Amino acid sequence: MMKPYLRNVLLFSAFLALGACAATAPASTGTTAPIDTAKTKPAQPLPAEDLGRYRPVFVAPKEVAAPVTKPAVAPTNHVNPQIEQRLRDQAYTNQNVKYAQGYRILAYVGLERDKAMSIRRSVISRYPDETDYLTFKQPVFRLYIGDYLTRLDAEQAMLRIRPLAPKAELESAQVVLNKTAF
């Protein structure tokens, strides 16, 4: 049942291809007259069409005098005592914040403590400023590296650590704020 249908489809597509080739062939198959290469008088040039009416017309800009600059006014008493007190309160509150939402690099997840410790030692020896967190929830060891506030910082650090921990990936986590960095 399927073979005759397939054969008909193939024949039909072949006929279409032949028809397309025949349509692109030259119109006459007889002998063609040789091309005349003798110099002849050039035909009279056609008068140029005037397109000026379609072109936009621009008016020349007028000379503008230099703007008059006003002297800058220095602000006076722009922070009143209430705002100043609120700013102090907010600064005090911010000093007590120890954690923020950020990223850590998950360098190792597995059952082998020795493997986790070897990756940890290699990362610490190459990058001593990086903090590391080794957690154990039976039976899985997890090694986290770094405290990064932005994903960009975490991605840059992951590119450095990737040769030491090929399966490293980013994880969103609550990170410790380093107040000395600010």
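Fair warning: this is a prediction, and the values are worked out from it, not measured in the lab. (Residues numbered from 1 in each chain as written. Predicted model: local features only at pLDDT ≥ 70, side-chain atom pairs only at ≥ 80, totals over all residues. Heavy atoms only, no water.)

1. Quick look at the overall build of the chain
Step number 1: The helix and strand inventory of the chain stands at 4 helices and 4 strands.
Step number 2: Listed N to C, the secondary structure of the chain is α-α-β-α-β-β-α-β in terms of helices and strands.
Step number 3: For the chain, the residues scored as buried account for 16% of the 182 residues in total.
Step number 4: With an accessible surface of roughly 16300 Å², the chain has 60% of that area assigned to carbon and sulfur atoms. (Helix = DSSP H or I, 4+ residues; strand = E, 2+ residues; numbered from the N terminus. Buried < 20%, exposed > 50% of the residue type's maximum accessible area, 1.4 Å probe, protein only. Areas by Shrake-Rupley, 256 points an atom, 1.4 Å probe, with all protein chains shown as cover.)

2. Notes on the sheet that holds strand β3 (residues 140–148)
Step number 1: The 4 strands lie next to each other as β2-β3-β1-β4, forming an open sheet whose pairing is antiparallel. Bordering the open sheet on either side are β2 (132–137) and β4 (169–176), each of which pairs with just one other strand. Geometrically, the sheet is characterised by an average inter-axis angle of 35° between neighbouring strands, direction not taken into account.
Step number 2: Note: strand β1 (residues 99–110) against β4, 8 bridges, orientation antiparallel. Counted as the bridge partner of Gln101 is Gln174 from β4.
Step number 3: Set on the sheet, helix α3 (residues 113–126) makes contact with β1, β2 and β3; between it and β3 the angle comes to about 20°. (Pairing = 2+ DSSP bridges. Axes fitted to C-alpha atoms, helices over the stretch in contact; angles between N-to-C directions. Contact = heavy atoms within 4.5 Å.)

3. Here's the deal with the packing of aromatic side chains
Step number 1: Across all of its chains, the model carries 1 aromatic pair by this definition.
Step number 2: Ring geometry for Phe136 and Phe141: centres 4.5 Å apart, planes at 35°, overall tilted.
Step number 3: Judged by relative accessible area, Phe136 falls into the partly exposed class, the value being 46%.
Step number 4: The class of Phe141 is buried, set by a relative accessible area of 11%.
Step number 5: Seen from the ring of Tyr133, Arg104 lies directly overhead, with NZ or CZ sitting 3.9 Å from the centre. (Phe/Tyr/Trp six-rings, centres within 6.5 Å; stacked < 30°, edge-to-face > 60°. Lys NZ or Arg CZ within 6 Å of the ring centre and 35° of its normal.)

4. Points about the side chain of Arg104
Step number 1: The residue Arg104 is located in strand β1 in this model.
Step number 2: We classify Arg104 as buried; its relative accessible area is 12%.
Step number 3: A distance of 3.5 Å separates the side chain of Arg104 from the backbone oxygen of Gly146, its partner in a polar contact.
Step number 4: Residues contacting Arg104, with those up to four places away along its chain left out, are Tyr133, Tyr144, Ile145, Gly146, Asp147, Glu169, Leu170, Glu171, Ala173, Gln174, Val175 and Val176. (Polar contact = N/O pair within 3.5 Å; in protein donor to acceptor, adjacent residues only side chain to side chain.)

5. Looking at the environment of Asp153
Step number 1: Along the chain, Asp153 turns up in helix α4 (residues 151–161).
Step number 2: Asp153 gets classed as partly exposed once you look at its relative accessible area, which sits at 36%.
Step number 3: Sequence separation between Asp153 and Tyr103 is 50 residues; the distance between their C-alpha atoms is 8.9 Å.
Step number 4: Of note is the side chain of Asp153, whose polar atom sits 3.0 Å from the side chain of Thr150.

6. Re the layout of surface pockets
Step number 1: Estimated volume of the second largest pocket: approximately 210 Å³.
Step number 2: Taken together, Leu106, Ala107, Tyr108, Val109, Lys115, Ile119, Leu164, Ala165, Pro166, Lys167 and Glu169 form the lining of the second largest pocket.
Step number 3: With 4 residues, the top contributor of residues to the lining of the second largest pocket is β1. (1 Å grid on protein atoms, 1.4 Å probe; cavity = no way out; pocket = protein on both sides within 12 Å on 5 of 7 lines; lining within 4 Å. Points joined across faces, edges and corners; volume = space filled by probe spheres on them.)

7. Some details on a nonpolar patch on the surface
Step number 1: Nonpolar side chains collect at one region of the surface, where Leu11, Phe15 and Leu18 lie side by side and expose about 340 Å² of accessible area between them.
Step number 2: By the secondary structure assignment, Leu18 is in helix α1 (residues 2–23). (Patch = residues over 30% accessible without salt bridge, like charges linked within 9 Å, V, L, I, M, F, W, Y side chains within 5 Å. Salt bridge = Lys/Arg side-chain N within 4 Å of Asp/Glu carboxyl O.)

8. Here we look at the pairing of β1
Step number 1: In terms of strand pairing, β1 meets β3 through 6 bridges, oriented antiparallel. Looking at the pairing, Tyr103 lines up with Tyr148 of β3.

9. Quick look at the nonpolar core
Step number 1: Ile105, Ile119, Ile145 and Ile161 are the most contacted members of the largest nonpolar core, which totals 19 residues.
Step number 2: Looking at this core, the elements that each hand over two or more residues are β1, α3, β3 and α4.
Step number 3: Setting aside anything within four residues of it in sequence, one finds Ile161 in contact with Ile105, Val123, Tyr127 and Ile145. (Core = buried A, V, L, I, M, F, W, Y, C linked by side-chain atoms within 4.5 Å.)

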